Amino acid sequence: MPIRMTGLNSGLNTESIVAALMSAQRTKQTKVENKKTKLEWKKDLWSSLNTKIYDFYTKSLSKMRLKSNYMTKAASSSNTTKVVAKASTKAATGTYTVKVNKLASTQYVSSGKLNKVKVDDGNGNLVDADATSKTKLTDLKDKNGNPTFTNGTQIKIENGANGKEVYLDVNGDTTIQDFLDKCTSAGISATFDEKQQRLFISSEKSGEGNAFKITASELDSTQQTVTNALKDNIGYNNLSSSDKAAVDTILASIREGNTISSDDQTKLEELAAANAENEASRKASAFVYKDAEQKATTQYTNDLTGWTQIDTTLTDKEVDFLNHRGYNLSNASTTAEIEAAKKEYIANQAKADFAEDPGSVYKNKIDSLIQSGITGQGTDYDFSSAANRPNESKTAVGNAITNYANAFSSGAPAANGSSLAALGLTNFDGTTEIKENDAANNGTGMVVIAAKDTEVEYNGATLTSNTTNISVSGLELEILGTTEGETVNITVTNDVSGIYDTIKDFLSEYNALLKEMNSYYNADSAKGYDVLSDDEKEAMKDSEVEKWEDKIKDSLLRRDSTLNSIISSFRNKMMGTFTASNGRTYSLSSIGISTSGDYAEGGLLHIRGDEDDAEYADEKNVLKQLLEEDPDAVTDVFTHLTENLYTDLQKKMSRTPLSSALTFYNDKEMNSQLSDYKTRIAKLESKFNDMEDRYYKQFTAMEKAMANMQSQQNSLASYLGG
């Protein structure tokens, strides 16, 4: 906006004059802006009301027009400490007998207490200690102090819940934790309590079908060899837990005599190829590392040669040199100690040099060897070139799979339950109970709580379930305990109170919505109230502004034709009549529901005789009586009347040129009007800005004219000697 210098010659307050001239003009713009604001408020009001009507339409109203919602049933049990029953709409009324013979249970296994294991006390002495999850299975002893696990022991874990079979091949490095991990991979919960020195194993679900079993057997020498060869080929010990689980599944399938699938074959080939690459990298690094060791050895010799001391014997000189480097050797140290310190010194020097790798010398050598391969250096270093490794690893794993399958084709390894004795276990299945002192636990102290199914006699028929819930003929039975021969009666009746509450809740929601619509339609006029300007708001308290605007908003739907149409639908459809197949005509009043005598209520519905209705609580409750005596009549009346209202509302919210689909008011028309108001306001704003500029230009011209006249007068006065 340009800087305006006004009134300098005329002495007039041009700003005030222009503002007064424009004030009358801008009244037109203010009226349009007020109309826009009221329309926005009205749209917001309708949007909120539309949401409530639509929710009522899709939920409560839609539900009440379906007969299935009036067919609720109630079930009662003669002994709720044993059986609790719930009835669905499909349950037939009547009385049913139930006897509970068995209750579903989850399988639990507790091992016997593990014996002490021998550990190094740090001074080279073996002492007795408790086992930990890191204890190796081959270090465990049975109650007689004998080891039971060998490098040929195979533990098989079978889980009936998911059909998984997992094998653990024991070797000198297998620990208690490895056993626990295998149980977990099979879908079984397993923990080792180091304080109690016992294993606790359990199924995740109850029922005989979810039982698990653990058995041990001994592999023969051939089976051990092929198993180790195949696992070495794919680098089993270095695999991720998920890859190990996948391999276990594949090997289990082969052991069961199944032909390996092409996908499983590819999986093992990929693992073998990856292992070959890892081995090549490891061996190349080890081979190149010899250079660093040789360099460190040479440096050691050179440093020792240049070392000066009083004693001249090599041993004393070497001791003094190593002492100086922090190895703390005395002159009396043995040759073995000196040699060990020397090797450690050289190793540390080699590691430091290898880690720093100036100029990436070692890395370049390693990369070159990985590509070219090494031969003639022995098994510790030899590996093929990058070009040959893929085919060689594929062939090797293929041969290993064939050998593995052949080794187990003659039959499963011989079962040997005593192999598990050092873990406080013996071979067991999931359906046999074993107590602590039973002979079946082979003296290990193992306890097995077997998995069981629930078994009930329902009207004489035997039913089973792997849980404590049984569904039958529309009944849901929750079994809490065995009945010990007692018969529990389950009685199914029509749920009168449930249907009554459903109807009551519906009417409550219907009334609340109708009451709100009535309040908007019958609102007091807001004549004399207009949208406040910013200046007017500043002169009032916030509470006064809010009260003023609420007065306007509450009146925006007063006598609204669209709202009146919806209200009429609510009243007319719900107060309509229905002719049944018996020829009788029914209405809500026929079943004890009517409007109040107070016309001002606007058609709200009351259940006569309902205890919560203060106006009609003392009357006879016809609705409850009919629900007990003739529930079909109540159902027919409500489903037909609510269906009529549902259909009518569906029509009212269909898409039109003035309204969108699923909308009860003219939202499109309002949006168009708002757009027009915005356009008009923009045009008026532009027009009035131009008008204001014109007024200022006119006053500026007047000031210039007066300035010229003043100048001429001054000149004339000077000529006349003024």
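This text follows the structure it describes.
Along each chain, residue indices are assigned from 1 in the same order as the chain's sequence is written. It should be noted that, the model being predicted, local features are given only for residues of pLDDT at least 70 and side-chain atom pairs only at 80 or more, the latter also being counted only at that level, while totals for whole chains, interfaces and linings use all residues. Hydrogen atoms and water are omitted, and side-chain values are computed over all heavy atoms in the structure.

Chemist: Hey, could you run me through the overall build of the protein in this one?
Modeler: A tally of helices and strands in the protein yields 16 helices and 22 strands. Atoms counted for the radius of gyration: C-alpha only. Globule rule: 2.2 Å times the number of residues to the power 0.38. Against the compact-globule benchmark of 27 Å for 722 residues, the protein has a radius of gyration of 47 Å, which places it well outside the compact range. Taken along the three principal axes of its C-alpha coordinates, the protein extends 130 × 120 × 50 Å. Type-normalised accessible area, obtained with a 1.4 Å probe on protein chains alone, sets the label of each residue: buried when under 20%, exposed when over 50%, and partly exposed for intermediate values. In the protein, which comprises 722 residues, the proportion classed as buried is 39%. Using a 1.4 Å probe, the Shrake-Rupley method yields the accessible areas, and only the shown protein chains count as cover for residues. Accessible area of the protein: about 39100 Å², with a carbon and sulfur share of 47%. Between the mean site of the 80 positive side-chain charges and the mean site of the 103 negative ones, the protein shows a separation of 8 Å. Strands are runs of DSSP state E lasting at least 2 residues, helices are runs of H or I lasting at least 4, and numbering of each runs from the N terminus. His is not counted, nor are the chain ends; Lys and Arg add positive charge and Asp and Glu add negative charge. Taken as the charge centre is NZ of Lys, CZ of Arg, CG of Asp or CD of Glu, depending on the residue.

Chemist: Even after reading the chapter, I still don't get the pattern of salt bridges, so can you show me in this structure?
Modeler: Note on pairing: side chains with opposite charge can pair once their charged atoms come close. We count a salt bridge whenever a side-chain nitrogen from Lys or Arg sits within 4 Å of a carboxyl oxygen from Asp or Glu. Under the counting rule described, the total for this entry stands at 28 salt bridges. In this structure, E643 engages R65 in a salt bridge whose closest nitrogen and oxygen atoms are separated by 3.1 Å. Of the two residues, E643 sits in helix α15 (residues 631–652) while R65 sits in the loop between α1 (14–64) and β1 (73–77), which places them 578 residues apart along the sequence. The salt bridge partner of K537 is E549, with a shortest N-O separation of 3.5 Å. Pair noted here: K537 is in helix α11 (residues 534–538) and E549 is in helix α12 (residues 542–554), with a separation of twelve residues, a long-range link. It is possible to trace a salt-bridge network through shared partners that takes in K156, E158, K213 and E256.

Chemist: Even after reading the chapter, I still don't get the nonpolar core, so can you show me in this structure?
Modeler: One broad rule of soluble globular proteins: the nonpolar side chains tend to lie buried together. By nonpolar core we mean a set of buried residues, namely Ala, Val, Leu, Ile, Met, Phe, Trp, Tyr and Cys, connected to one another through side-chain atoms within 4.5 Å. Within the largest apolar cluster, 64 residues are counted, with the highest numbers of intra-cluster contacts made by I503, M517, F570, I593 and F638. Sorting the residues of this core by element identifies α1, α10 (496–521), α13 (561–574), β22 (605–607), α14 (622–629), α15 and α16 (667–719) as the ones contributing at least two each. The dominant element in this core, judged by the number of residues it contributes, is α10, at twelve residues.

Chemist: Would you take a moment to explain the side chain of S555 for this structure?
Modeler: Structurally, S555 can be placed in the loop between α12 and α13. On the basis of relative accessibility, which here comes to 14%, the residue S555 falls in the buried class. If sequence neighbours within four positions are ignored, S555 has contacts with A523, D524 and A526. Throughout, a contact is declared for two residues whenever any of their heavy atoms are within 4.5 Å.

Chemist: What should I look at first to understand the packing of aromatic side chains in this one?
Modeler: Pairing of aromatic side chains requires ring centres within 6.5 Å, counting the rings of Phe and Tyr and the six-membered ring of Trp. Pairs whose planes differ by under 30 degrees are stacked, by over 60 edge-to-face, and all others tilted. Tallying each qualifying case throughout the model produces 20 aromatic pairs. Judged by centre distance (5.3 Å) and plane angle (55°), the ring pair of Y300 and Y345 falls under tilted. In this pair, Y300 is assigned in helix α5 (residues 262–305) and Y345 in helix α7 (residues 335–356), connecting sequence segments 45 residues apart. In terms of burial, Y300 and Y345 fall into one category: buried.

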